[in-house]
Amino acid sequence: MDLESLARRIRRCRLCRLGNLREHAVPGEGPSRARMLLVGEAPGRDEDASGRPFVGSAGRILDGALVAAGVRRDRVFIANVLKCRPPGNRRPRPDEVEACADFLEHQIALVGPRVLVALGQSALSRLAPGKRLSEWRGRVVSDTAVPIVVTYHPAGTRYDRRRWRALIDDLRRAHALSGRAPAPPGQPPRPGRAFRTWVSAGAVVFDRTDRALLLHLTEEDRWCLPKGTLERGETPREAARREIREETGLEVRLGASLGTTHYAHYRPKDGRNYRKTVHYFTAKAMPGRVRLEPLFDSWRWCPRVEGLALLRYESEKDVWRRAFHRPRASR
């Protein structure tokens, strides 16, 4: 699915009461690979009439703040928690937010921004449940799949110059974060250098809520699946269990094979070419607490779409997709 296909689904949506009250659904707009993605609360009267986000009075305030922050509106993606206008611009109700949840989640995954901007409490509650605007405004929520800069909704700054200046400062902060490029991927093999062969094993480890585990590798600044090299005499299944235990502290029950991946790369750290084969399995985590090896600085249990947004390499994304398509019994 691409953004336009998703927008067509949103325009046809009747999942909650708002679908029968609106004039136009408002999917959102912006570049398909925007580095910043702004999330507001819900469309207002002008947005409902036009089908575009932030075009009314709050939109004019946002436009001015973006200009003051040095951010071009046509370079950011703008969306809302709700895609339809609530009557009288009232606050979104929980069932309405839930009905739209997959739409926003898919937009974030498809755009793949480097930073999210939560415009107000409703957006923050959707992106980082349990966090309060009063505590997090001006700060960055970093324990999420994508860093979140928390700020005021533009409508809340209309008669408050202090909040208006804070909104500009927060947009500047988000703009700076969005310019930080991720660490470069592995380099292609160097001609004329011998290859060292590695065989590894790992797994897509599921919890009881059908989320799977990703680890953040400190040195390479990327998210990855738990895996490691086979030791002498080990089978791939034995190695996968041992590596998961060593990297995460978790005991797992392995399920179905997800096949193997093959790739070659050059590692500047030791000046060698490597040819690598990785055996992957599904796995079910047994009760226990995650305890990371020093190689990692963070971990997350992720649903399917969030994991696809976090993983860097297509080979791991393919394994992730296969794991989520397996019948539940095989996990």
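About the thresholds
- Residues numbered from 1 in each chain as written.
- Predicted model: local features only at pLDDT ≥ 70, side-chain atom pairs only at ≥ 80, totals over all residues.
- Heavy atoms only, no water.
- Buried < 20%, exposed > 50% of the residue type's maximum accessible area, 1.4 Å probe, protein only.
- Helix = DSSP H or I, 4+ residues; strand = E, 2+ residues; numbered from the N terminus.
- Pairing = 2+ DSSP bridges.
- Core = buried A, V, L, I, M, F, W, Y, C linked by side-chain atoms within 4.5 Å.
- Contact = heavy atoms within 4.5 Å.
- Axes fitted to C-alpha atoms, helices over the stretch in contact; angles between N-to-C directions.
- Parallel < 35°, antiparallel > 145°, perpendicular 65-115°, else oblique.
- Nonpolar A, V, L, I, M, F, W, Y, C, P; charged D, E, K, R; others polar.
- 1 Å grid on protein atoms, 1.4 Å probe; cavity = no way out; pocket = protein on both sides within 12 Å on 5 of 7 lines; lining within 4 Å.
- Points joined across faces, edges and corners; volume = space filled by probe spheres on them.
- Expected span 1.5 Å × (residues − 1).
- Arc of directions from axis to C-beta.
- Phe/Tyr/Trp six-rings, centres within 6.5 Å; stacked < 30°, edge-to-face > 60°.
- Lys NZ or Arg CZ within 6 Å of the ring centre and 35° of its normal.
- Salt bridge = Lys/Arg side-chain N within 4 Å of Asp/Glu carboxyl O.

Right, let's get into the pairing of strand 11 (residues 272-285). For strand 11, the tally of buried residues reaches ten of 14 residues, placing the bulk of the element in the interior. Two strands pair when backbone bridges link them, and strand 6 (residues 195-206) and strand 11 are joined in this way by twelve bridges, in the parallel orientation. Paired with Phe206 across the two strands is Lys284, which belongs to strand 11. Pairing of strand 10 (residues 252-267) with strand 11 involves 13 bridges; the strand directions are antiparallel. Looking at strand 11, one finds that Thr260 is bridged to His279.

The next thing to look at is the nonpolar core. If you look at the biggest cluster of nonpolar residues, it comprises 37 residues, and the most contacted ones within it are Leu127 and Ile148. Only helix 1 (3-12), strand 1 (36-40), strand 2 (76-80), helix 4 (94-111), strand 3 (115-119), helix 5 (121-127), helix 6 (133-136) and strand 5 (148-151) provide two or more residues apiece to this core. Contacts of Ile148, omitting those with residues within four sequence positions, involve Leu116, Ala118, Leu127, Ala128, Arg139, Val140 and Val141. Counting 22 residues, the second-largest nonpolar core is a separate cluster that includes Phe54, Ala65, Ala69 and Leu119.

Interaxial distance between helix 1 and helix 4 falls to 10 Å at its minimum, and their mutual angle equals 170°. Taken together, the axis directions place helix 1 and helix 4 in an arrangement best described as roughly antiparallel. Together, Leu3, Leu6, Arg9 and Ile10 of helix 1 and Phe103, His106, Gln107, Leu110 and Val111 of helix 4 make up the contact between the two elements. A per-class count over the contact of helix 1 with helix 4 returns six nonpolar, two polar and one charged.

Evaluated as defined, the whole model comprises one cavity of 30 Å³ or more. Contributing to the lining of the largest cavity are Ile10, Cys13, Arg14, Leu15, Cys16, Leu18, Gly19, Arg22, Lys83, Cys84, Cys100 and Phe103. Of the residues belonging to the lining of the largest cavity, the class tally is eight nonpolar, one polar and three charged.

In this section: helix 10 (residues 314-325). Think of an α-helix as 3.6 residues a turn; residues three or four steps apart then line up on the same face. For helix 10, which comprises twelve residues, the first-to-last C-alpha distance of 17 Å matches the rise-based estimate of 16 Å (1.5 Å per residue) to within 8%. For helix 10, the complete set of buried residues consists of Glu316, Lys317, Val319, Trp320, Ala323 and Phe324. Buried residues of helix 10, viewed axially, fall in a sector of 160°; they line one side.

This part covers the sheet that holds strand 5. Here we have five strands laid out as an open sheet, ordered 2-1-3-5-4, and mixed in their pairing. With one partner strand each, in any of the chains shown, strand 2 and strand 4 (140-141) form the two edges of the open sheet. Both strand 1 and strand 2 contribute to a ladder of five bridges, which runs parallel. Paired with Val39 across the bridge in strand 2 is Ala79. The strands touched by helix 7 (residues 161-178) are strand 1, strand 3, strand 4 and strand 5; relative to strand 5, the strand with the most contacts, the crossing angle is about 175°.

Of all five residues making up strand 3, five are buried, and the element is well covered by its neighbours. On strand 3, burial covers both faces: Val115, Val117 and Leu119 on one face and Leu116 and Ala118 on the other are all buried. Here strand 1 pairs with strand 3 via four bridges, running parallel. Of the residues in strand 3, the one forming a bridge with Met36 is Val115.

Turning to the packing of aromatic side chains, a few remarks are in order. Centre-to-centre distance and the angle between the planes together describe a pair of aromatic rings. Per the stated rule, a full pass over the model turns up three aromatic pairs. Ring plane angle 45° and centroid distance 4.5 Å describe the contact between Trp198 and Tyr274, whose orientation is recorded as tilted. Here Trp198 is found in strand 6, whereas its partner Tyr274 is found in strand 11, with 76 residues between them in sequence. The same class applies to Trp198 and to Tyr274, which are both buried. Chaining the aromatic ring pairs together yields one cluster made of Phe206, Trp320 and Phe324. Above the face of the Trp136 ring, Arg139 is positioned so that its terminal group lies 3.9 Å from the ring centre. A cation sits over an aromatic face here: Arg275 above Phe195, 4.0 Å from the ring centre.

The next subject is the layout of surface pockets. Within this model, the largest pocket holds a volume of roughly 1,300 Å³. Broken down by secondary-structure element, the contributors of at least two residues to the lining of the largest pocket are helix 4, strand 8 (222-224), strand 12 (296-302), helix 9 (304-310) and helix 10. Broken down by element, the lining of the largest pocket gets its largest block of residues, five residues, from helix 9. Looking at the lining of the largest pocket, its residues break down into 18 nonpolar, six polar and 13 charged.

With that settled, the discussion passes to the pattern of salt bridges. With the rule as written, the count across this model stands at 26 salt bridges. A salt bridge links Arg8 to Glu4, with the nearest nitrogen and oxygen atoms 4.0 Å apart. A residue pair is termed a helical-turn pair when its members lie 3 or 4 positions apart in one helix, as Arg8 and Glu4 do in helix 1 at four residues. Taking the relative accessible area as the measure of exposure, Glu4 reaches 42% and is therefore partly exposed. The shortest N-O distance in the salt bridge between Arg172 and Asp169 comes to 3.2 Å. Of this pair, Arg172 and Asp169 both sit in helix 7, three residues apart, which is roughly one turn of the helix. Through salt bridges with shared partners, a single ionic network connects Glu231, Glu234, Arg242, Glu243 and Glu246.

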